[in-house]
Amino acid sequence: MRQPLIAGNWKMNLVRDEVVSLLDALVPAVDGVEDRDVLVCPAFPYLALAAERLSGTRVRLGAQDMGWEAKGAFTGAVSPAMLADCGATDVILGHSERRHVFGEDDAMIRRKVGCAIDAGIRPILCVGETLDEREAGETWAVIERQLTGGLDGLDAAACDTLTIAYEPVWAIGTGHTATPAQAQEVHRQIRGWLAERFGDAVAARTRILYGGSVNPKTIDGLMAESDVDGGLVGGASLKAADFAQLVNYGRNG
Ligand code: PEP
């Protein structure tokens, strides 16, 4: 019942010509794929351009972050209505770079999640432990805290469009993909938490993506795990051929 989702997080990469080249190569390579959802998340200035290029295709458009109010005096922030206006349907929230580089905490992320839901934008809530936390045996405690904080006070209906991305910080951009067993263990715990907190129906329908150095060599093993419903991909989403291989996992021969 959960259609897999392969999502590309382009981070602060690619200028106009590169955005156009990547999309022009990617769209024909993935557009015929009907049994997996595909999402790309360019930087804010190129959302509208990307929306034009993606119009009429199956590839969805997302943003990498969002402000937490509808409008007002928030210099530098981008509102959900602005994202929607530019064609974005999804938004990554609480990415580890937002948490660790820009100092976002669970309360800020919770406000963003609520604001996205209110505006009809689908939130992808990222959670994940650092290497120190993993080595100290704190992985689940950290993730439980991030889930509890990021979704505090929401009800099951509000979680209708929610996606969770488990992204161990030690795996992001390092080339050290978590093993399928490591990913599955945490994904299973996340699904169990969703069941306890929101009920079985929410747990069964919520996609849980894995992110952290996913590449064409590691995707098949990860996707074979029962609670891994897709990937949130940084580096490998910047190359059309690699990203197309990820979307076509299990069929690349
Ligand atoms: C990410 O930015 O969410 C990510 C997982 O990056 P990478 O695939 O490069 O590790």
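Everything below is about the structure shown above.
Quick look at the structure, then. As the structure is a prediction and not an experimental result, all values here were calculated from the model.

Points about the sheet that holds strand E8 (residues 230-233)
Piece 1. Ordered by their spatial adjacency, 8 strands build a closed barrel running E1-E2-E3-E4-E5-E6-E7-E8, and the pairing between neighbours is parallel. Along the sheet, successive strands turn relative to each other by an average axial angle of 25°, direction set aside.
Piece 2. Sheet topology note: the strand E6 (residues 163-166)/strand E7 (residues 207-211) ladder contains 4 bridges and is parallel. Paired with Ile-164 across the two strands is Ile-208, which belongs to E7.
Piece 3. Here helix H2 (residues 47-54) sits on the sheet and contacts strand E2 (37-41) and strand E3 (59-63); the angle it forms with E3, its principal contact strand, is near 170°.

Structural notes on the packing of helix H1 (residues 16-30) against H2
Piece 1. Where H1 contacts H2, the axes come no closer than 10 Å and their chain directions differ by 25°. Comparing the axis directions of H1 and H2 gives the class roughly parallel. Between H1 and H2 the crossing geometry is right-handed. Residues Arg-16, Val-19, Val-20, Leu-23, Asp-24 and Val-27 of H1 lie in contact with H2, whose contacting residues are Leu-49, Ala-50, Arg-53 and Leu-54.
Piece 2. Classifying every residue of the contact of H1 with H2 by side-chain character gives 7 nonpolar, no polar and 3 charged.

Quick look at the nonpolar core
Piece 1. Val-40, Leu-83, Leu-151, Ile-164, Ile-190, Tyr-210 and Phe-243 are the most contacted members of the largest nonpolar core, which has 69 residues in total.
Piece 2. Counting residues per element, this core draws most heavily on H1, at 7 residues.
Piece 3. Apart from residues lying up to four places away in sequence, Ile-190 is in contact with Val-127, Trp-140, Ile-143, Leu-147, Ile-164, Tyr-166 and Ile-208.
Piece 4. In terms of nonpolar packing, the next biggest core, distinct from the first, is built from 10 residues, Leu-5, Cys-41, Ala-165 and Leu-209 among them.

With respect to the pairing of strand E5 (residues 122-127)
Each regular strand carries side chains that alternate between the two faces of the sheet.
Piece 1. Within E5, 5 of the 6 residues are buried, which leaves it mostly tucked inside the rest of the structure.
Piece 2. The pairing of strand E4 (residues 90-93) with E5 spans 4 bridges and is parallel. Within E5, the position partnered with Ile-92 by the bridge is Ile-124.
Piece 3. Here E5 pairs with E6 via 4 bridges, running parallel. When the sheet's bridge partners are listed, Ile-124 is paired in E6 with Thr-163.

Points about the environment of Leu-23
Piece 1. Mapped onto the secondary structure, Leu-23 falls in helix H1.
Piece 2. Look at Leu-23 and you get buried, because its relative accessible area is 0%.
Piece 3. Taking the C-alpha atoms as reference, Leu-23 lies 12 Å from Arg-60; in sequence the two are 37 residues apart.
Piece 4. Those residues in contact with Leu-23, other than ones at most four positions away along the chain, are Trp-10, Pro-28, Val-40, Ala-50, Arg-53 and Leu-54.

Cut-offs used in this document
Residue numbers run consecutively from 1 along every chain, following the written order of its sequence. With the structure being a predicted model, the display of local features is reserved for residues of pLDDT at least 70 and the display and counting of side-chain atom pairs for 80 or more, all residues being used for whole-chain, interface and lining totals. Neither water nor hydrogens contribute to the side-chain values; these are computed over all heavy atoms in the structure. When DSSP locates at least two bridges between a pair of strands, those strands are taken to pair. Secondary structure is summarised from DSSP: a helix means a run of H or I of at least four residues, a strand means a run of E of at least two, and numbering begins at the N terminus for each. To define axes, lines are fitted to C-alpha atoms, for helices over the stretch in contact only, and angles between the resulting N-to-C directions are given on a 0 to 180 degree scale. Any pair of residues with heavy atoms lying within 4.5 Å of one another is described as a contacting pair. When describing relative orientation, an angle under 35 degrees is termed roughly parallel and one over 145 degrees roughly antiparallel, while 65 to 115 degrees is termed roughly perpendicular and anything else oblique. Each crossing gets its hand from how the near helix is turned against the far one by less than a right angle, where anticlockwise is left-handed and clockwise is right-handed. Classification convention: Asp, Glu, Lys, Arg as charged; Ala, Val, Leu, Ile, Met, Phe, Trp, Tyr, Cys, Pro as nonpolar; all other residues, Gly among them, as polar. Nine residue types can take part in a nonpolar core, namely buried Ala, Val, Leu, Ile, Met, Phe, Trp, Tyr and Cys, and a core is a set of them joined through side-chain atoms within 4.5 Å. To sort residues, take the accessible area from a 1.4 Å probe on protein chains only and compare it with the maximum for the residue type: under 20% means buried, over 50% means exposed, and anything in between is partly exposed.

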